[in-house]
Amino acid sequence: MKLLSIINIILLISVRINATAYEALNSWYHPHSLAMVGSGSSLNIAESDRLNPSLMFSNEQRLTLSRVQYPADISSQMVQIVLPHNYGTLGGTIRNVSYGIFEGFDENGNPTANYAAGDSWVTISVAKRLFEGKVHWGFSTGFLFSNLGEYSSTILTGTTGVSLNLPKYNMHTGLAIRNLAVSIKDYSSAEIHFPVILNLSLAKGLAYLPLKMALDIDYGLYNRLMTFHLGGVFVLPYNMKIRLGTSSRRIDQLSQINLIRDFFTDTGLGITITNDQYIIDIGSYIYGTGGSVIAIGLGLRL
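Residues numbered from 1 in each chain as written. Predicted model: local features only at pLDDT ≥ 70, side-chain atom pairs only at ≥ 80, totals over all residues. Heavy atoms only, no water.

### A closer look at the overall build of the chain
Phase 1: From N to C terminus, the chain includes 5 helices and 14 strands.
Phase 2: Relative to a compact globule of 302 residues, whose C-alpha radius of gyration would be 19 Å, the chain shows 20 Å and is just as compact.
Phase 3: Referenced to the eigenvectors of the C-alpha coordinate spread, the extents of the chain come out at roughly 70 × 45 × 40 Å.
Phase 4: Across the 302 residues that make up the chain, the buried fraction comes to 43%.
Phase 5: Put simply, of all contacts in the chain between residues at least 6 apart along the chain, 50% involve residues at least 24 apart.
Phase 6: When the accessible surface of the chain is summed, it comes to about 15700 Å², and 65% of that surface belongs to carbon and sulfur atoms.
Phase 7: Here the chain contributes 21 positive and 20 negative side-chain charges, whose respective centroids are spaced 11 Å apart. (Helix = DSSP H or I, 4+ residues; strand = E, 2+ residues; numbered from the N terminus. Rg over C-alpha atoms; globule rule 2.2 N^0.38 Å. Buried < 20%, exposed > 50% of the residue type's maximum accessible area, 1.4 Å probe, protein only. Contact = heavy atoms within 4.5 Å. Areas by Shrake-Rupley, 256 points an atom, 1.4 Å probe, with all protein chains shown as cover. Lys, Arg positive; Asp, Glu negative; His and termini not counted. Charge placed at Lys NZ, Arg CZ, Asp CG, Glu CD.)

Written as structure tokens, this is what we have:
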């Protein structure tokens, strides 16, 4: 059997494991979340509907398209529309993760039909301001369709969040519960644990710098793991913003071999350029093995 075929089988097993755990619920779909490495849940960003829906509140109609390119031909895409109304802000989002096409083999190692693996996630979201804008509340719900060759599964998803606006301190804080899910159709009869996350977030603008810092704490209710995310947004002249971030996962990614690689591991960097109608985002992320992830996004004010 050729080496490439062996690699494809290994990747297929990895995809099967990830798909069973529904890792698509925590994947990155836009340069904002990629460049900030999962921080920024208390900021109004393109993936607020997934991170903390209360921060999705907006006074402008906006259409967003994005693509994230992972290694090994894995990619994710997102299409989102945000529509403000008198009762709040309504959002609709379609997300997709493509794990690629893999060569199929039977138990004897003979070639069979190729496998395609992917996840599609369709959600609607609502965000509303309360108490003259001091409190924001929001929720998001939808269906995640996961496919692996002839196998498929469907789950009903939900995320809800609340945030508090503290203008006196130039601060925003939020609390969200992500990835609440009910299985509708399973791959198999095996027990499945959904990656439900409790998120506490804080964003604060600094007094003497054009910088807003963002801190997120994620706690997995099933695996009992806690992850810290730290990021920032620099506001620059000429309608530009620089985003950057890292997380406590960098400790697990350190190689102890290459000092430069260890310095940049688990680091995100992105740039946002806007004008009256368009929003252009580019983001990147570097992880410990020396690989990188690239993302691009385009926003259109309607």
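Okay, back to it.
### A closer look at the pattern of salt bridges
Phase 1: One pass over the structure, following the stated rule, counts 7 salt bridges.
Phase 2: Ionic pairing is found between Arg95 and Asp49, a salt bridge with its closest N-O pair at 2.9 Å. In this pair, Arg95 is assigned in strand 3 (residues 88-105) and Asp49 in helix 3 (residues 48-51), connecting sequence segments 46 residues apart.
Phase 3: Overall, Arg95 belongs to the buried group, its relative accessible area being 1%.
Phase 4: Via salt bridges that share partners, Glu47, Asp49, Arg50 and Arg95 belong to a single interconnected network. (Salt bridge = Lys/Arg side-chain N within 4 Å of Asp/Glu carboxyl O.)

### Overview of the packing of aromatic side chains
Phase 1: Tallying each qualifying case throughout the model produces 4 aromatic pairs.
Phase 2: Judged by centre distance (6.4 Å) and plane angle (25 degrees), the rings of Tyr285 and Tyr287 are stacked.
Phase 3: Put simply, the rings of Trp28, Tyr285 and Tyr287 touch in pairs and so form one group of aromatic residues.
Phase 4: Seen from the ring of Tyr29, Arg95 lies directly overhead, with NZ or CZ sitting 5.3 Å from the centre.
Phase 5: Looking at Arg95, its charged tip hangs above the ring of Trp121, at a distance of 5.5 Å from the centre. (Phe/Tyr/Trp six-rings, centres within 6.5 Å; stacked < 30°, edge-to-face > 60°. Lys NZ or Arg CZ within 6 Å of the ring centre and 35° of its normal.)

### Observations concerning unusual backbone geometry
Phase 1: Its identity is not glycine, yet Glu132 carries a phi of approximately 60 degrees, on the positive side.
Phase 2: Residue classification places Glu132 among the exposed residues on the basis of a relative accessible area of 81%.
Phase 3: For Tyr238, which is not glycine, the phi torsion reads 60 degrees and is therefore positive.
Phase 4: With respect to the secondary-structure elements, Tyr238 resides in the loop between strand 10 (226-236) and strand 11 (240-247).

### With respect to the environment of Lys128
Phase 1: Tracing the chain through its elements places Lys128 in strand 4 (residues 111-130).
Phase 2: Distance from Lys128 to Leu55, taken between C-alpha atoms, is 8.9 Å for residues 73 residues apart in sequence.
Phase 3: Other than its neighbours up to four places away in sequence, Lys128 contacts Phe57, Tyr87, Gly88, Val135, His136 and Trp137.

### Some thoughts on the pairing of strand 13 (residues 278-286)
Phase 1: The side-chain alternation of strand 13 yields one buried face, formed by Ile279, Asp281, Gly283 and Tyr285, and one unburied face, formed by Tyr278, Ile280, Ile282, Ser284 and Ile286.
Phase 2: Sheet topology places strand 12 (residues 267-274) next to strand 13; 8 bridges connect them, and they run antiparallel. What sits directly across from Gly270, in strand 13, is Gly283.
Phase 3: Counting the residues that bridge the hairpin from strand 12 to strand 13 gives 3 residues.
Phase 4: By the bridge criterion, 9 bridges tie strand 13 to strand 14 (residues 292-301) in an arrangement that is antiparallel. (Pairing = 2+ DSSP bridges.)

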